[in-house]
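# An overview of the molecular structure
The primary structure of each chain is shown beneath.
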Amino acid sequence: MKGIVSTLLYTYSNFGMRLVLFTAFMLLPYVAHSNLGSTTLENIALRVVNCSESFDLADSDNQTCGFLIVPEDYSKPEGNRIEVPYVIVDPTDYIDPELGPLLITGGGGPGNAFLKPYSVYGMDDSSYVSFPLMSTSEGRQLIILENRGVGKSIPNLNCQELEDEAVNIYKLPTGHWHEGYLASLKACVARLSNKNINLNHYNVLNSARDIYALRMALVHAEVIPENPVNMYGISYGSRVALYTEMLFPDVIRSMILDSVSIQELHPSMEEHKNFRQSLDELFRECREDKHCNKAYGNDLEADYYDFLQALYEEPEEIDVLNPKTLKPEKLILDNYGLSYIVALNLYSLEGRNNLPFLLRTAMNGSMTALSGAFTEMLHGEMKNSLDEIAFYSYLCFDSSYENGGFPELSESDLEQYPTLKYSSDEDLKFMTNVCGLLDIDAEKGYLTRNDIIEAPVLLLSGELDPVTPPRNAKFVADRATNAWKIDWPNISHDVLSHSYCAEYIAQEFLLNPYQEPAEPSDLCDSPIPDIEFKIY
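Small disclaimer: the values here were computed from a predicted structure and weren't measured. (Residues numbered from 1 in each chain as written. Predicted model: local features only at pLDDT ≥ 70, side-chain atom pairs only at ≥ 80, totals over all residues. Heavy atoms only, no water.)

## Remarks on the overall build of the protein
Regarding its fold elements, the protein presents 19 helices and 13 strands. Expressed as a percentage of the 536 residues in the protein, the buried residues total 59%. Of all intrachain contacts in the protein linking residues separated by at least 6 positions in sequence, the fraction that spans at least 24 positions is 74%. Element-wise, carbon and sulfur atoms account for 48% of the exposed surface of the protein, whose accessible area totals about 21700 Å². (Helix = DSSP H or I, 4+ residues; strand = E, 2+ residues; numbered from the N terminus. Buried < 20%, exposed > 50% of the residue type's maximum accessible area, 1.4 Å probe, protein only. Contact = heavy atoms within 4.5 Å. Areas by Shrake-Rupley, 256 points an atom, 1.4 Å probe, with all protein chains shown as cover.)

## Things to note about helix 18 (residues 500-511)
The first and last C-alpha atoms of helix 18 sit 18 Å apart over 12 residues, in line with the 16 Å expected at 1.5 Å per residue. Turning to helix 18, its buried residues number three or more, namely Cys-501, Ala-502, Glu-503, Ile-505, Ala-506, Gln-507, Phe-509 and Leu-510. (Expected span 1.5 Å × (residues − 1).)

## A few points about the pairing of strand 10 (residues 316-321)
Here strand 10 pairs with strand 11 (residues 328-333) via 6 bridges, running antiparallel. When the bridges of strand 11 are listed, Glu-317 appears paired with Ile-332. Here strand 10 folds back onto strand 11, and the loop between the two strands holds 6 residues, one of which, Leu-326, carries a positive phi near 60°. (Pairing = 2+ DSSP bridges.)

## A short note on the confidence of the model for the protein
In this model, the protein carries a mean pLDDT of 82, and residues with pLDDT of at least 70 account for 83%. Across residues 118-128, where pLDDT falls below 50, the model places 30 contacts with residues more than four positions away in sequence or in other chains. (pLDDT = per-residue confidence, 0-100.)

## Quick look at the pairing of strand 8 (residues 229-234)
Counting buried positions along strand 8 yields 6 of 6 residues, so the element is predominantly enclosed. Burial of strand 8 is two-sided: the residues Val-229, Met-231 and Gly-233 facing one way and the residues Asn-230, Tyr-232 and Ile-234 facing the other way are all buried. Relative to strand 9 (residues 252-258), strand 8 is paired through 6 bridges, and the arrangement is parallel. In the sheet register, Met-231 faces strand 9, and the bridge partner there is Met-255.

## Some points on the pattern of salt bridges
In total, this model carries 16 salt bridges according to the counting rule given. For Asp-56, the salt bridge is made with Lys-152, and the minimal N-O distance between the two is 3.3 Å. Placement of Asp-56 in the loop between helix 1 (51-55) and strand 4 (63-71) and of Lys-152 in the loop between strand 7 (142-145) and helix 2 (160-164) is noted, with a sequence separation of 96 residues between them. With a relative accessible area of 27%, Lys-152 lands in the partly exposed category. Connected through shared salt-bridge partners, Glu-281, Arg-284 and Glu-288 make up one network. (Salt bridge = Lys/Arg side-chain N within 4 Å of Asp/Glu carboxyl O.)

Next up, the structure:
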């Protein structure tokens with residue numbers, strides 16, 4: 001890739017330590033943008049690394065891995081520097097200079113890494129399997145930029161203290177569970193603070209600035225063409241894409257937003273309501289499905305809420321396999337823990353189809369299936385975890401405009417969704433405590449959006465999505481000059497991973513984002529998966 005690097009010795013001050021990096025660097029001359037504060041190209045660098053050694057990715061002649069080096073605080077370009085991982089994949093045959101690259105705006109979460117083998121959206125041997133039609137097969141470069149603080153970023157805002165205590169924490173009932181969780185978070189925050197890391201700068205706003213900085217550096221180095229980029233954002237990555245388009249509309253050609261996370265909604269409050277509505281729909285579908293109804297009963301929904309109430313009043317012990325020791329542990333199952341497991345299963349069609357079986361067997365006294373789900377959840381907490389401090393840093397930034405914290409549920413909320421008390425009320429109080437611990441300040445002017453979205457946008461939503469439902473996409477469509485909104489039946493979160501047809505539609509959209517794409521039924525033989533409840 002021409003013009004990428006010159007070899008030099010680059011020394012900089014990072015979190016109070018002098019680091020000397022003997023590597024390939026590119027030092028860049030002066031260019032400014034008002035939304036980067038006082039940061040210019042002189043304050044930005046690219047560090048190219050070996051893909052297998054640094055990112056656990058297979059090395060390839062058409063793949064470049066590196067770190068974007070930028071100020072932690074864009075208003076203080078001479079201060080602390082951070083490193084954000086990126087990957088560029090070139091088309092095998094040729095790069096069409098007329099096509100802008102496709103840039104993936106990080107993983108979901110927030111705090112979920114894209115460039116991790118264990119990530120939900122991660123890169124294993126089938127790297128980029130969902131994206132070739134939209135990018136490299138068309139002669140378009142593919143770029144992945146992690147969100148700052150996440151995955152292989154330096155610093156990484158993971159909380160090992162929390163993961164080490166996960167089993168012990170889940171041995172406690174909810175009230176004490178929160179106390180144990182907060183104690184581990186407090187230790188983690190103290191460790192990061194001692195390294196001179198300012199959590200106020202790890203948020204969606206600065207992730208958007210990082211995208212602009214990377215594009216600016218790559219264009220200047222003649223690694224990518226000067227054409228505006230196309231962005232793909234999944235879940236929280238869609239929020240990052242929306243911020244990027246808001247701050248830097250001139251460099252964005254189009255956006256594909258999958259499972260849209262919007263800016264206006266209170267993220268925690270709304271997600272709890274969305275989960276409840278998704279669960280209501282699940283129970284309705286089971287009642288109307290003759291096989292599910294026969295296997296699990298017409299009263300599955302009522303029995304579930306009776307079970308939830310019983311756990312609220314008297315939690316039970318449940319045997320769970322410790323992922324570290326591979327030995328059984330007796331953990332506490334209360335209303336909060338059961339609600340959490342149910343919510344996790346609603347994310348995918350497979351998990352959704354399994355829920356009636358999971359719940360009915362537990363209510364009948366057999367905890368085997370539920371114990372397996374609890375073990376899987378615990379494995380995720382300890383082994384495949386998102387980066388917890390990044391999660392809370394981004395989320396608290398997004399939420400702090402709500403009267404300084406997370407409000408308690410209103411009487412009208414509880415009237416409409418009475419069972420929210422089993423998980424949501426405790427969760428909202430807990431989040432208020434977490435955000436108080438992190439002491440995040442939001443730039444409040446950026447947290448509402450009433451301006452017009454200028455870039456053409458393709459909006460993909462799963463009708464069964466419990467966290468980013470189709471109405472989020474409608475919110476964006478109503479503010480866009482050119483928006484194409486497609487809702488997918490029988491799909492939950494992350495449409496592109498669950499329908500091959502979505503990739504064809506995205507490909508068509510990128511060829512001409514101002515033209516309405518074809519309907520899924522016109523492009524694909526069977527674009528909609530079937531709902532098939534697990535029956536025993």
